Amino acid sequence: MKLIGIAGTNAAHSFNRQLLTFMQRHFESQAEIELLSLDDVPLFNESNDQSDSPVIQRFNQKIEAADGVIIATPEHNHSIPSALKSILEWLSFKLHPLDGKPVMIVGAAYSVQGSSRAQLHLRQILDAPGVNAIVMPGSEFLLGRAQDAFDDQGNLKVSGTVDFLDSCFAKFQKFARIAAELNVPDAVSYQPGTYDVTAVGHNGELPMAVTLSKDRIEKIDIDTSTETEGIADVAFERIPKEIIDGQTLAVDAISGASITSNGVINGVAQAIKQAGANPDALKKQRTTAKTTEPAVHEITTDVAIVGAGGAGLTAAAKVLQAGKRALVLEKFPSVGGNTVRAGGPMNAADPDWQSQFDAIPGEKHTLQALASIDEATIDPEYLADFQQLKAEIKRYLEQTDGQTGYLFDSKLLHRIQTYLGGKRRDLKGHKIYGQYDLVKELTDNALDSVKWLESIGVQFDKSQVTMPVGAIWRRGHKPMGDLGFAYIKTLKKFVNDNGGTIMTETDVQQLTTSDGQITGVLANGPQGEEVVVHAKAVILASGGFAANTKMLQRYNTYWTAIDDDIKTTNSPAMTGDGIKLGTRVGADLVGMGFSQMMPVSDPETGELFSGLQVPPQNYVMVNQQGRRFVNEYGSRDELTQAAIDNGSLFYLIADDEIKKTAYNTTQEKIDQQVAAGTLFRADSLADLAKQIKMDPAALEQTIADYNRYVDAGDDPEFHKNAFDLKVQVAPFYATPRKPATHHTMGGLKIDTGARVLNAGGQTINGLYAAGEVAGGIHAGNRLGGNSLADIFTFGRIAAESALTDRVSED
Amino acid sequence: MKLVGLVGTNATHSTNRQLLQYMQRHFANQSTLTICEIADLPAFNEPADRTVPAAVQELSDKIEAADGVIFATPEYDHSIPAALKSAIEWLSYTTRPLINKPVLIVGASNGALGTSRAQAHLRQILEAPELKALIVPNVSFMLGHSLQAFDEQGALIDQAKVGELDNAFNAFVNFVTLADKLLPSSQFFNQTKQFSWKQITDGED
């Protein structure tokens with residue numbers, strides 16, 4: 001029998017350690033007792049999980065492998081020492097090695113009590129559901145006056161004490177054998193049939209149908225219509241497969257989709273319960289351990305692309321269109337990166353299309369204000385463009401004078417707005433704005449990107465021109481269907497259909513070089529195998545670092561502070577990997593201190609598309625006192641700063657008509673969110689105010705004022721640039737919002753061909769970067785809708801450069 | 001009345017902290033409640049030289065200076081968290097500021113039971129001879145489902161619970177006043193502050 005002994009103290013000298021050492025020796029012929037020391041165990045802290053640390057893992061693995069555990073506890077203050085309590089907390093938090101494990105309690109103390117009270121506490125603690133040990137009843141071994149109990153050889157002096165310990169230990173060995181039988185899983189038997197159950201997914205309820213035969217889980221069908229497409233797909237594919245293949249519920253949740261993964265597992269558990277079996281038995285039943293030996297996997301390709309978001313898949317598609325080989329490496333189980341989280345519309349000036357729409361109130365005013373900017377404040381490289389734009393605006397205003405007029409746009413307006421939108425000063429007073437050549441490249445080619453996407457099958461909704469949040473102008477091309485996923489779905493299909501390879505769960509660790517030339521990458525594959533990729537060029541398209549709070553804090557020069565617990569709208573994959581890969585081969589960085597917050601994020605999840613997310617002309621933003629506090633058409637920074645100044649939490653107020661303009665939601669989702677308490681609905685503004693604990697009179701006054709401003713087309717309080725709907729038709733809604741990290745403008749320095757540059761301004765041969773991993777374009781602030789324009793434009797350019805520079809030459 | 005409220009956990013987010021913050025505001029006209037944290041205390045390790053870490057001394061001084069102490073404990077595995085136990089061990093092993101100090105135990109947990117078992121353990125612990133705190137008898141406050149218990153302003157939502165808390169706090173205030181009158185003549189008064197587990201005799205129990 002293999003046992004683990006734990007002396008419950010970290011003190012230098014311990015009679016309990018002495019007692020266990022004696023038992024180890026004394027029972028040598030009956031059992032192997034290995035002692036584990038508490039010396040290096042950190043104090044448990046649920047906010048600083050160290051379950052994966054070597055010291056905790058050692059306890060976990062040793063106890064898992066043992067037939068039983070002996071705990072020898074001292075008594076401090078009538079209870080067990082904090083050091084012992086601490087390890088038990090670690091072993092009942094994320095890990096549960098004591099679950100079902102036979103435990104024997106012994107104790108030694110100076111007093112005649114011999115740890116009696118500590119032992120009683122320990123019994124209760126070991127019986128807690130998170131620990132769930134099986135503690136041997138009776139046979140309490142209490143060693144009082146421990147200072148007198150041992151002889152010089154460390155043996156117990158009194159023979160009666162040794163006899164009692166012998167009998168306790170004999171009983172424990174028997175107990176451990178019997179307790180082990182409790183852990184043998186029962187044979188499962190189901191009432192055959194198909195069970196309709198509901199699981200909880202990321203966005204609400206997931207109806208599922210689980211088919212069970214007498215002894216097997218046969219089929220799992222999930223209605224995924226409420227989930228954000230693209231984010232959790234892999235959970236819907238893989239979790240049911242693993243459950244059915246292994247006939248077990250002990251499957252690991254998928255990173256990035258853990259809520260959905262657990263939702264599916266719990267749904268199947270419900271069905272099993274309804275079928276008369278105990279799901280806990282299947283939760284304990286691990287399938288055979290993965291035995292795949294780590295191997296080296298070697299691949300040769302033309303262009304290797306790091307990251308399977310919009311930029312990476314675009315680059316891959318372009319390479320394939322040229323008849324060359326493309327390999328995309330993605331560290332997450334699913335493709336799409338941040339693009340699947342995007343709102344959908346991408347910016348591109350397309351005057352022929354936009355001019356078919358009427359201008360809306362306020363837009364002419366915005367143009368006038370822009371044209372009247374003092375030329376002295378325009379940076380020299382943009383001045384000629386600015387002057388030309390002024391002439392365009394002048395002509396437009398003359399042409400449409402006295403009329404509503406059409407929606408104006410031009411490449412120059414897009415360029416100047418991108419430049420002005422990105423112009424910022426950081427806390428140290430350093431000025432930053434978009435690099436002219438890159439901004440020109442972006443705005444000149446954005447429309448071609450739309451056309452290219454159309455050519456490979458992305459369909460755009462031409463019936464409306466939208467303005468994404470923080471975009472400043474209505475030039476958003478909105479894809480039909482599922483927002484950001486619409487692009488990914490089409491790109492992924494194109495890449496797969498045209499012979500490209502996408503490897504998921506393959507995490508690139510380093511770029512390989514030879515004679516100053518990038519020659520490929522080294523990565524870790526899904527089974528821990530090494531993946532060696534030989535490529536003529538590598539395109540980094542791995543996104544920014546908005547999900548890496550530490551990195552944000554380290555580089556930040558813009559925000560006065562970034563909270564440790566700030567939420568992000570991004571995929572958790574956005575940890576700055578490409579930036580780290582690039583800098584290790586000498587790449588220069590630009591604008592790293594500037595990050596963007598999304599002011600209108602879900603306060604709990606950081607997500608964008610919960611609640612009612614409507615176009616800004618329909619927003620009414622109120623603070624916790626029910627008052628407006630900012631021009632809702634303001635830049636993201638203005639909105640974020642105003643939100644922070646108002647205690648971060650604020651609400652978007654909508655009525656039934658405004659509700660209809662919300663992106664990416666359905667009545668069903670709205671009802672679910674109202675039921676879940678994450679969205680508020682009431683038949684009167686006063687009731688709505690009460691629900692969100694604000695003064696009803698204040699909210700009513702705010703909305704009455706707002707409605708008057710809409711009628712007048714003028715907002716004397718905050719000068720909102722454009723209005724559309726009033727707030728007047730019940731029911732009324734309030735969506736709670738808070739700022740979250742959203743975009744990192746800084747990144748690898750590139751030229752207009754997306755070639756990565758070193759500190760000397762020279763290209764690093766064979767290395768390209770596209771999308772959020774690169775810096776220099778958006779500078780201090782990225783306009784909404786410009787990141788999609790960026791990834792599809794520079795994704796194409798990176799592929800073209802790689803092909804011209806590196807691939808076509810041979 | 002000067003009180004110290006001890007947050008019984010090192011977690012970043014804690015409804016026990018929220019509870020103390022609420023009590024601080026709610027009882028502001030009756031008392032000054034100073035909230036003390038244990039997150040920065042080192043883990044107790046029974047140092048042979050009995051040196052008091054600075055952070056422990058600071059906490060101890062605040063307790064010494066207070067008229068009473070409120071412990072707000074979570075419940076981990078049917079008992080108090082290791083972090084709180086560690087703080088108590090430091091106090092019992094070094095400065096012993098809790099001797100004869102009036103104590104109220106409160107606790108918040110997300111389960112239904114509201115730390116009932118942890119509070120029972122804490123009572124036994126605080127009665128240990130090396131601590132000898134004066135725990136207010138028959139009074140405690142348990143807050144179950146604590147993640148849903150507070151509104152956005154941090155106020156307790158359930159008015160019945162507010163009433164319970166008012167009663168517990170008033171009983172404690174009376175107890176502090178009473179203890180103050182009784183203590184000078186008490187036999188505990190000249191309790192030695194020198195302590196070692198080695199020296200504990202049966203008589204002290």
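- Under the annotation held in an unreviewed UniProt entry, chain B carries the name NADPH-dependent FMN reductase and is attributed to Lactiplantibacillus modestisalitolerans.

- You'll find chain A entered in an unreviewed UniProt entry as Urocanate reductase, with Lactiplantibacillus modestisalitolerans given as the organism.
- Of chain A, the UniProt comment under Sequence similarities (unreviewed entry) reads exactly: "Belongs to the FAD-dependent oxidoreductase 2 family. FRD/SDH subfamily."

1. As for the overall build of chain A
Phase 1 of the analysis: Each helix and strand counted, chain A has 23 helices and 30 strands in total.
Phase 2 of the analysis: Taking all contacts inside chain A whose residues are at least 6 apart in sequence as the whole, residues at least 24 apart take part in 74%.
Phase 3 of the analysis: Accessible surface, chain A as shown: approximately 32100 Å² in total, 47% of it carbon and sulfur.

2. Describing the overall build of chain B
Phase 1 of the analysis: If you tally the helices and strands in chain B, you get five helices and six strands.
Phase 2 of the analysis: Tracing chain B from N to C terminus, the helices and strands come up as β-α-β-α-β-α-β-α-β-β-α.
Phase 3 of the analysis: Across the 205 residues in chain B, those meeting the buried criterion constitute 56%.
Phase 4 of the analysis: In chain B, of all internal contacts separated by at least 6 residues, the share reaching a separation of at least 24 is 80%.
Phase 5 of the analysis: Taken as a whole, chain B presents about 8700 Å² of accessible surface, with 51% of it coming from carbon and sulfur.

3. Considerations on the layout of surface pockets
Left-over empty space is what a probe sized like a water molecule reveals as it rolls over the atoms.
Phase 1 of the analysis: If you add up the space inside the largest pocket, you get close to 1600 Å³.
Phase 2 of the analysis: If you go around the largest pocket, you meet 43 residues; those closest to its centre are Lys567, Pro603, Glu604, Leu649 and Lys738 of chain A.
Phase 3 of the analysis: Those elements that provide at least two residues to the lining of the largest pocket are helix H18 (636-645) and strand S27 (732-744) of chain A together with helix H1 (15-26) of chain B.
Phase 4 of the analysis: Looking at which element gives the most residues to the lining of the largest pocket, the answer is S27 of chain A, with five residues.
Phase 5 of the analysis: A class-by-class count of the residues in the lining of the largest pocket yields 16 nonpolar, 16 polar and 11 charged.

4. Details of the interface of chain B and chain A
Phase 1 of the analysis: Listed as interface residues are 36 residues of chain B and, on the opposing side, 40 residues of chain A.
Phase 2 of the analysis: Across the chain B to chain A interface the summed buried area is about 3000 Å²; carbon plus sulfur atoms make up 48%.
Phase 3 of the analysis: Across the chain B-chain A interface, the total number found is zero salt bridges.
Phase 4 of the analysis: Counting across the chain B and chain A interface gives 21 residue pairs in polar contact (both at pLDDT 80 or more).
Phase 5 of the analysis: Secondary-structure elements contributing two or more residues to the side of chain B that touches chain A are helix H3 (82-93) and helix H4 (116-126) of chain B.
Phase 6 of the analysis: When residues of the side of chain B that touches chain A are assigned to their parent elements, the largest contribution, seven residues, is made by H3 of chain B.
Phase 7 of the analysis: Looking at the side of chain B that touches chain A residue by residue, the class counts come to 14 nonpolar, 11 polar and 11 charged.

5. Focus on the sheet that holds strand S7 (residues 193-201) of chain A
All names here are of chain A.
Phase 1 of the analysis: A sheet is described by the order of its strands in space; here three strands give the open sequence S7-S8-S9, paired in antiparallel fashion. The sheet is open, and its two edges are formed by S7 and strand S9 (217-222), each paired on a single side. Pairwise comparison of adjacent strand axes, ignoring direction, gives a mean angle of 25 degrees for this sheet.
Phase 2 of the analysis: In terms of strand pairing, strand S8 (residues 204-212) meets S9 through five bridges, oriented antiparallel. Residue pairing across strands places valine 210 opposite isoleucine 220, the latter belonging to S9.
Phase 3 of the analysis: Packing of helix H6 (residues 233-246) onto the sheet brings it into contact with S8 and S9, and relative to S9 it is tilted by some 165 degrees.

6. Things to note about the packing of helix H4 (residues 116-126) of chain A against H4 of chain B
Phase 1 of the analysis: Orientation of H4 of chain A relative to H4 of chain B, taken along the N-to-C sense of each, is 160 degrees, at an axis distance of 12 Å. Regarding the angle of H4 of chain A to H4 of chain B, the classification is roughly antiparallel. Note on packing geometry: the crossing formed by H4 of chain A with H4 of chain B is left-handed. Contacts between H4 of chain A and H4 of chain B involve His121, Gln124 and Ile125 of chain A on the former and, on the latter, His121, Gln124 and Ile125 of chain B.
Phase 2 of the analysis: Here the contact of H4 of chain A with H4 of chain B is composed, by residue class, of two nonpolar, four polar and no charged.

7. Side note on unusual backbone geometry
Excluding glycine, most residues fall at negative phi; most peptide bonds, likewise, are trans.
Phase 1 of the analysis: A cis geometry characterises the amide bond from alanine 730 of chain A onward to proline 731 of chain A, with omega recorded as 0 degrees.
Phase 2 of the analysis: When you line up the elements, proline 731 of chain A lands in the loop between helix H22 (696-712) and S27.
Phase 3 of the analysis: Not every positive phi belongs to a glycine, and lysine 693 of chain A is a case in point at roughly 55 degrees.
Phase 4 of the analysis: With respect to the element layout, lysine 693 of chain A can be found in the loop between helix H21 (685-691) and H22.
Phase 5 of the analysis: We note that arginine 96 of chain B has phi near 55 degrees; this positive angle belongs to a residue other than glycine.
Phase 6 of the analysis: In this structure, arginine 96 of chain B sits in the loop between H3 and strand S4 (102-108).

8. Remarks on the side chain of aspartate 77 of chain B
Phase 1 of the analysis: Note on placement: aspartate 77 of chain B falls in the loop between strand S3 (68-72) and H3.
Phase 2 of the analysis: Among the polar contacts listed, one links the side chain of aspartate 77 of chain B to the side chain of serine 92 of chain A, at a separation of 2.7 Å.
Phase 3 of the analysis: Not counting residues within four places of it along the chain, the set of residues in contact with aspartate 77 of chain B comprises Lys85, Leu88, Glu89, Ser92, Gln124, Ile125, Ala128, Gly130 and Val131 of chain A.

9. With respect to the pairing of strand S18 (residues 507-514) of chain A
Strand residues, when the strand is regular, have side chains that alternate between the two faces of the sheet.
Residues and elements named next belong to chain A.
Phase 1 of the analysis: Alignment of S18 against strand S19 (residues 517-524), held across seven bridges, turns out to be antiparallel. If you follow threonine 512 over to S19, its bridge partner there is glycine 520.
Phase 2 of the analysis: In this antiparallel pair of consecutive strands, S18 and S19, the connection spans two residues, and aspartate 515 shows a positive phi of 50 degrees.

Conventions we followed
Residues numbered from 1 in each chain as written. Chains lettered and ligands numbered in written order. Predicted model: local features only at pLDDT ≥ 70, side-chain atom pairs only at ≥ 80, totals over all residues. Heavy atoms only, no water. UniProt positions renumbered as here; feature names shortened; annotations may be inferred. Helix = DSSP H or I, 4+ residues; strand = E, 2+ residues; numbered from the N terminus. Contact = heavy atoms within 4.5 Å. Areas by Shrake-Rupley, 256 points an atom, 1.4 Å probe, with all protein chains shown as cover. Buried < 20%, exposed > 50% of the residue type's maximum accessible area, 1.4 Å probe, protein only. 1 Å grid on protein atoms, 1.4 Å probe; cavity = no way out; pocket = protein on both sides within 12 Å on 5 of 7 lines; lining within 4 Å. Points joined across faces, edges and corners; volume = space filled by probe spheres on them. Nonpolar A, V, L, I, M, F, W, Y, C, P; charged D, E, K, R; others polar. Buried area = accessible area lost by both parts, 1.4 Å probe. Salt bridge = Lys/Arg side-chain N within 4 Å of Asp/Glu carboxyl O. Polar contact = N/O pair within 3.5 Å; in protein donor to acceptor, adjacent residues only side chain to side chain. Pairing = 2+ DSSP bridges. Axes fitted to C-alpha atoms, helices over the stretch in contact; angles between N-to-C directions. Parallel < 35°, antiparallel > 145°, perpendicular 65-115°, else oblique. Left-handed = near helix turned anticlockwise from the far one by under 90°.

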